[in-house]
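A look at the structure
Chain residues, written in single-letter form:
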Amino acid sequence: AARLAESLRQRGVQRGDRVAIFADNGVEVVVGIFGALKAGAVFMPVNSLTKADKLAYLLNDSRAAALVTTQLLRGIWEPAITHASSVKACIVAGLPAGDGSALMSYEAAIAGATRSPQHAPAIDQDLASIIYTSGSTGEPKGVMLTHLNMVSAARSVNGYLGMTGDDVIMCALPLAFDYGLYQILMGFMVGSTIVLERSFSFPVKVLETMAHEEVTVFPGVPTMFSMIMGLNNLSQFDLRRLRMITNTAAALSERHIQELRALFPQATLFSMYGLTECKRVTYLPPDQLDLRPTSVGRGMPNEEVWLVDEQDKRLPNGSTGELVIRGSNVMRGYWEKPENTARRLKPGPHPGEMVHYSGDVFRTDEEGFLYFVARKDDIIKSRGEKVSPKEVENVLYALDGVQDAAVVGVADDILGQAIKAFVVLRPGCEHREKDVMRHCQER
């Protein structure tokens, strides 16, 4: 990483410049992250599934000074950088010997720096990363995260998860998204081992690796856990060392929680909620899982959360409203998008501070534990009533044989919006449409 930092500086990358990292999960991504930071730059992870036109947009919007990528993705990044005049350096892993272009080989970059690497000056208010989020509408927005934001978030999450240097973390989550990225940051913070997989497209291969590497921590999302539950050969993998499973991105259904705990009785399950703008927000202590299985818990250490109504009035426990977050983990704002920033960052209860309005609707029970209801934009308005897609999905998951379910609102002349469900059944299970409808009507 220090050698890559020196190569970046030799190619004109300065403090505060953006360095895009466009690659599948691999060592090059990790070196790119820390190399950019050591150069005093801002690292910008980009999902390897991004297409050329979107990559060009991200490079131009951020005015990226450098791109760290791989030869495998050349068909995407090569046309993109021709439309991105800000890119001064393109460092490519796996570049063929004798390539006649002005590109630099990643292997040469980390081998060829000769000067003693120097850390670029930085303070914790400097930007460390820009992570682009697509959102439900409009152009991607660059979430600006300072060193303080990222270190605070990593410390808080490590504080309640209790990861140690003895842990072995399986990361099949994309490093371009914060959930995967923070496995690296939190693991390095305590000296854990991180096992990188390119994806979870082949779950059997990932499970084989988990058994071989004696993985102790498995972060995942509901789709990944659903794929595991659909396997009929899980018992052949020795996963006895697995001590912790974490879930975020979307809440697990009660049924999925029961099945996951039955499959891995020795592992502690953490249900969590977060968003790129804050990294993590809440977690449910495992001892509460039997009492409130569908809750995502309460705020994590070094943070405050509360609910507000549409008039911005703070709500008591037992209410439903928009979640507001206050803490050092809250983003600086959206890159060069002041109007979007103003909709999410608003003055807090103390003079001079800003808090984050999440755009997510939650309800609380009498003890203040949070339950996700919906994105404000996702609420379905049918017959004049507000319907949470998540509540309907939970009902669908309770039907025997349902593996996955998603609910959306569709335009309807009479109802305003009708409720449409997409259902994936487990292999060997058959349900007719009217079976699903009857199950929902009964509930």
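Everything here concerns the structure above.
The structure reproduced in this document is the subject of the present report. (Residues numbered from 1 in each chain as written. Predicted model: local features only at pLDDT ≥ 70, side-chain atom pairs only at ≥ 80, totals over all residues. Heavy atoms only, no water.)

**Here we look at the overall build of the protein chain**
When its secondary structure is counted, the protein chain shows 13 helices and 24 strands. Whereas a compact globule of 443 residues would reach a radius of gyration of roughly 22 Å, the protein chain reaches 23 Å, a difference of no more than 12%. Each principal axis of the C-alpha distribution contributes one length, and for the protein chain these read about 70 × 55 × 45 Å. Counting all 443 residues of the protein chain, 53% fall into the buried class. Across the protein chain, every contact between residues at least 6 apart in sequence was considered, and the portion connecting residues at least 24 apart equals 63%. Just so you have it, the protein chain exposes about 20600 Å², and 51% of that area is on carbon and sulfur atoms. Here the protein chain holds 46 positive side-chain charges and 51 negative ones, and the gap between their average locations is 3 Å. (Helix = DSSP H or I, 4+ residues; strand = E, 2+ residues; numbered from the N terminus. Rg over C-alpha atoms; globule rule 2.2 N^0.38 Å. Buried < 20%, exposed > 50% of the residue type's maximum accessible area, 1.4 Å probe, protein only. Contact = heavy atoms within 4.5 Å. Areas by Shrake-Rupley, 256 points an atom, 1.4 Å probe, with all protein chains shown as cover. Lys, Arg positive; Asp, Glu negative; His and termini not counted. Charge placed at Lys NZ, Arg CZ, Asp CG, Glu CD.)

**Looking at helix α6 (residues 147-161)**
With 15 residues, α6 should cover 21 Å at 1.5 Å per step; its first-to-last C-alpha distance of 21 Å lies within 8% of that length. A positive phi of about 70° marks Gly162, the residue just after α6. (Expected span 1.5 Å × (residues − 1).)

**Some points on the pattern of salt bridges**
Evaluated as defined, the whole model comprises 24 salt bridges. Residue Arg292 is joined to Asp365 by a salt bridge in which the shortest nitrogen-to-oxygen separation is 2.9 Å. Highlighted residues: Arg292 in the loop between β13 (279-284) and β14 (298-299) and Asp365 in the loop between β19 (354-364) and β20 (370-375), separated in sequence by 73 residues. With respect to class, Arg292 is no different from Asp365; both count as buried. Between Arg432 and Asp435 there is a salt bridge; the shortest N-O distance is 3.7 Å. We classify Asp435 as buried; its relative accessible area is 18%. Taken together, the salt bridges that share partners define one network made up of Arg255, Glu259, Asp400 and Arg426. (Salt bridge = Lys/Arg side-chain N within 4 Å of Asp/Glu carboxyl O.)

**Here's the deal with helix α12 (residues 389-397)**
Since the α-helix advances by 3.6 residues per turn, residues separated by three or four positions end up pointing in the same direction. Turning to α12, its buried residues number three or more, namely Pro389, Lys390, Val392, Glu393, Leu396 and Tyr397. Burial along α12 is one-sided: seen end-on, the buried residues are contained in an arc of 160°. (Arc of directions from axis to C-beta.)

**Thoughts on the nonpolar core**
By size, the foremost hydrophobic cluster in this structure holds 94 residues, and its most contacted members are Met210, Phe218 and Phe264. Apart from the residues lying within four places of it in its own chain, the contact partners of Phe218 are Met170, Phe200, Met210, Met224, Phe225, Ile228, Leu242, Met244, Ile245 and Thr246. Membership of the second largest hydrophobic core comes to 27 residues, among which are Met44, Ala56, Val92 and Leu103. (Core = buried A, V, L, I, M, F, W, Y, C linked by side-chain atoms within 4.5 Å.)

**A word on the packing of aromatic side chains**
Applying the stated criterion across every chain yields a total of eight aromatic pairs. A ring pair is formed by Phe34 and Phe188, whose centres lie 5.0 Å apart and whose planes are at 5°; its orientation type is stacked. Of this pair, Phe34 sits in helix α2 (residues 27-38) while Phe188 is found in helix α7 (residues 178-190), placing the two residues 154 residues apart along the sequence. The exposure class of Phe188 is partly exposed, given its relative accessible area of 45%. Between Phe218 and Phe225, the aromatic rings sit 5.7 Å apart at their centres with planes inclined by 90°, giving edge-to-face as the arrangement. Residue Phe218 shares its accessibility class with Phe225, and that shared class is buried. The ring of Phe369 has Arg298 lying over it, and the distance from NZ or CZ to the ring centre is 4.1 Å. We note Lys346 situated over the ring of Tyr357; from NZ or CZ to the ring centre the distance is 4.6 Å. (Phe/Tyr/Trp six-rings, centres within 6.5 Å; stacked < 30°, edge-to-face > 60°. Lys NZ or Arg CZ within 6 Å of the ring centre and 35° of its normal.)

**Details of the side chain of Ser48**
Along the polypeptide, Ser48 turns up in the loop between β2 (42-46) and α3 (52-62). Classification of Ser48 by relative accessible area gives buried; the value is 12%. A distance of 2.6 Å separates a polar atom in the side chain of Ser48 from a polar atom in the side chain of Asp24. Leave out the neighbours within four places in its chain, and Ser48 touches Phe22, Ala23, Asp24, Leu73 and Ile76. (Polar contact = N/O pair within 3.5 Å; in protein donor to acceptor, adjacent residues only side chain to side chain.)

**Quick word on the pairing of strand β24 (residues 416-425)**
Taken together, the 10 bridges between strand β23 (residues 402-412) and β24 define a ladder with antiparallel strand orientation. Within β24, the position partnered with Val410 by the bridge is Ala418. Count of turn residues in the β23/β24 antiparallel hairpin: three residues. (Pairing = 2+ DSSP bridges.)

**Let's talk about the state of the cysteines**
Enumeration according to the criterion identifies zero disulfides in this entry. Between Cys429, a free cysteine, and Cys440, which holds the nearest cysteine sulfur, the sulfur-to-sulfur gap is 14 Å. The class of Cys440 is partly exposed, set by a relative accessible area of 25%. (Disulfide = S-S within 2.5 Å.)

**Thoughts on the packing of α3 against helix α4 (residues 74-81)**
Put simply, α3 and α4 touch, their axes get as near as 8 Å, and they point 45° apart. With respect to α4, the axis of α3 lies oblique. The chirality of how α3 crosses α4 is right-handed. Contacts between α3 and α4 pair Ala52, Leu55, Ala56 and Leu59 from the former with Ile76, Trp77, Pro79, Ala80 and Ile81 from the latter. Of the residues that constitute the contact of α3 with α4, the class distribution is nine nonpolar, no polar and no charged. (Axes fitted to C-alpha atoms, helices over the stretch in contact; angles between N-to-C directions. Parallel < 35°, antiparallel > 145°, perpendicular 65-115°, else oblique. Left-handed = near helix turned anticlockwise from the far one by under 90°. Nonpolar A, V, L, I, M, F, W, Y, C, P; charged D, E, K, R; others polar.)

**Here's the deal with the environment of Thr164**
The residue Thr164 is located in the loop between α6 and β8 (168-171) in this model. Spatially, the C-alpha atom of Thr164 lies 28 Å from that of Ser226, the residues being 62 residues apart in sequence. Not counting the four nearest positions on each side in its chain, Thr164 is found in contact with Val190 and Ser192.

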